[in-house]
Amino acid sequence: MSRRSLNGQVAVVTGAARGVGELLARKLSARGAKVALVGLEPDELKRVAGSLRTECEYWHADVTDHEAMARVAAEVGEHFGGVDIVVANAGVATGGPLADSDPESWRRVIEVNLIGGAVTARAFLPRLVASRGYFLQIASLAAITPAPMMSAYCASKSGVEAFAHCLRAEVGHKGVRVGVGYLSWTDTDMVRGADQDDVMRDLRKRLPWPANRTYPLGPAVDRVVAGIERRSHHVYAQWWLRGMQSVRGYVPGVIGLVGPREMRRFEPRLSAEGTHRGLVGAGGAADESERADRS
């Protein structure tokens, strides 16, 4: 599809305090979009909002909270006069074997990544119908490729991919386009936080090229912006991810064969060193802090 101008469009970005969300907000603003930032870190959101080129406002909200997100959607619509684009980007991650994982952290990954995307869509859908707008759900290579030590993240990203495909079929006749964004390992606080675990980092290095690389954030977000301008059904932040779609049916079988061998290799280190039990990165720490404050 041809690209549409973003000038004057109202774009909502969740998880906008850092990483993909922050840079996406900056690049959307640079193209003339008005931006609504949503996240858990008001000080960081205020910093981002104050540096954007166009009209911008921020909202402190947990994307898993139906009432909070409904309030945010109403306030964003009132403040800007409508909503044209919503990017469900908020996400967290944890790593390690399921048997040794922290149940609360494992569940929280599902809640934020999957339920949070659905809550965001539900809250903003009436306004996207009114504007015949675009909803982009950020997924991951993890939606295509299962991996040991990443059960929560892979399950959540597979879930949001399926959710977005279902939503597209439901709302397409109303003029709303729905896309899925796929990113491989990209240089964000989340990935850097995961790499602080030696076993997770070394296991990732053993992945085949090009999945074993960490990719720069800027070019990845540029591809996401181009997908938004085209209102694409599929947005690939790294060039090679498109090709994964044609072989994804074979990947679980390959992982099922190779995975046990790799886990046997790392089992002594898992027992000796342990793995990170909570949410990774600064965004994960912010989520844990927010929940601790509420309790």
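First, a word on what this report is: a plain description of the structure on this page.

Reading guide: rules and limits
Within each chain, residue numbers correspond to sequence positions counted from 1 in written order. Since the coordinates come from a predicted model, pLDDT governs what is reported: local features require at least 70, and pairs of side-chain atoms require 80 or more to be given and counted, while whole-chain, interface and lining totals use all residues. Note that the side-chain values use all heavy atoms of the structure and ignore hydrogens as well as water. A run of DSSP states H or I qualifies as a helix once it reaches four residues; a run of E qualifies as a strand once it reaches two. Both are numbered from the N-terminal end. Each radius of gyration reported is based on C-alpha atoms, and the globular scaling rule is 2.2 Å times the count of residues to the power 0.38. Only protein chains enter the accessibility calculation, which uses a 1.4 Å probe. A residue is then buried if its area is under 20% of the maximum for its type, exposed if over 50%, and partly exposed in between. The contact criterion used throughout is that any non-hydrogen atoms of two residues lie within 4.5 Å. Residue burial considers only the protein chains on display, and all accessible areas are found by Shrake-Rupley using a 1.4 Å probe. Here the positive residues are Lys and Arg and the negative ones are Asp and Glu; neither His nor the chain ends is included. For charged residues, the charge sits on one atom: NZ in Lys, CZ in Arg, CG in Asp, CD in Glu. The span expected for a helix works out to 1.5 Å for each residue beyond the first. Two strands qualify as a pair provided that DSSP identifies no fewer than 2 bridges between them. As a rule, the C-alpha atoms of each element are fitted with a line to give its axis, helices using only the stretch in contact, and angles between N-to-C directions run from 0 to 180 degrees. With the strands aimed away from the viewer, a crossover counts as right-handed if its path from the first strand over the helix to the second runs clockwise.

## Re the overall build of the chain
Moving on, step 1. Looking only at helices and strands, the chain features eleven helices and seven strands.
Moving on, step 2. A globule of 295 residues ought to have a C-alpha radius of gyration of about 19 Å, and the chain, at 19 Å, matches this closely.
Moving on, step 3. Seen through its principal axes, the chain has C-alpha atoms that stretch 60 × 45 × 30 Å.
Moving on, step 4. Sorting the 295 residues of the chain into buried and exposed places 53% on the buried side.
Moving on, step 5. For the chain, the share of sequence-separated contacts (at least 6 apart) that also reach a separation of at least 24 residues comes to 70%.
Moving on, step 6. Put simply, the chain shows about 13,000 Å² of open surface, and 53% of that area lies on carbon and sulfur atoms.
Moving on, step 7. Of the side chains in the chain, 38 bear a positive and 33 a negative charge, and the two mean positions are spaced by 9 Å.

## Regarding helix α1 (residues 19–30)
Moving on, step 1. Spanning twelve residues, α1 covers 17 Å between terminal C-alpha atoms, matching the ideal 16 Å at 1.5 Å per step.
Moving on, step 2. Where burial is concerned, most of α1 is hidden: nine out of the twelve residues are buried.
Moving on, step 3. Listing the buried residues of α1 in full gives Gly-19, Val-20, Gly-21, Glu-22, Leu-24, Ala-25, Lys-27, Leu-28 and Ser-29.
Moving on, step 4. Where α1 is buried, its residues touch β1 (10–14), β2 (34–39), α2 (42–51), β4 (85–88) and α8 (217–230).
Moving on, step 5. Within two residues after α1, Gly-32 carries a phi angle of roughly 100°, on the positive side.

## Observations concerning the sheet that holds strand β6 (residues 177–182)
Moving on, step 1. Here we have seven strands laid out as an open sheet, ordered β3-β2-β1-β4-β5-β6-β7, and parallel in their pairing. Of all strands in the sheet, those with a lone pairing partner are β3 (56–60) and β7 (234–236), marking the two edges. The average angle at which neighbouring strand axes cross in this sheet is 20°, direction not considered.
Moving on, step 2. With five bridges joining them, β2 and β3 adopt parallel strand pairing. What sits directly across from Leu-37, in β3, is Tyr-58.
Moving on, step 3. Across the face of the sheet, helix α5 (residues 151–171) comes into contact with β5 (134–138), β6 and β7 while running at roughly 160° to β6.

## So, the pairing of β5
Moving on, step 1. By the criterion of burial, β5 is predominantly enclosed, with five of the five residues buried.
Moving on, step 2. Of the two faces of β5, the one lined by Tyr-134, Leu-136 and Ile-138 and the one lined by Phe-135 and Gln-137 are each fully buried.
Moving on, step 3. The pairing of β5 with β6 spans five bridges and is parallel. Among the inter-strand pairings, Ile-138 is bridged to a residue of β6, identified as Gly-181.
Moving on, step 4. Once the chain exits β5 it traverses α5 before rejoining the sheet at β6, and the crossover so formed is right-handed.

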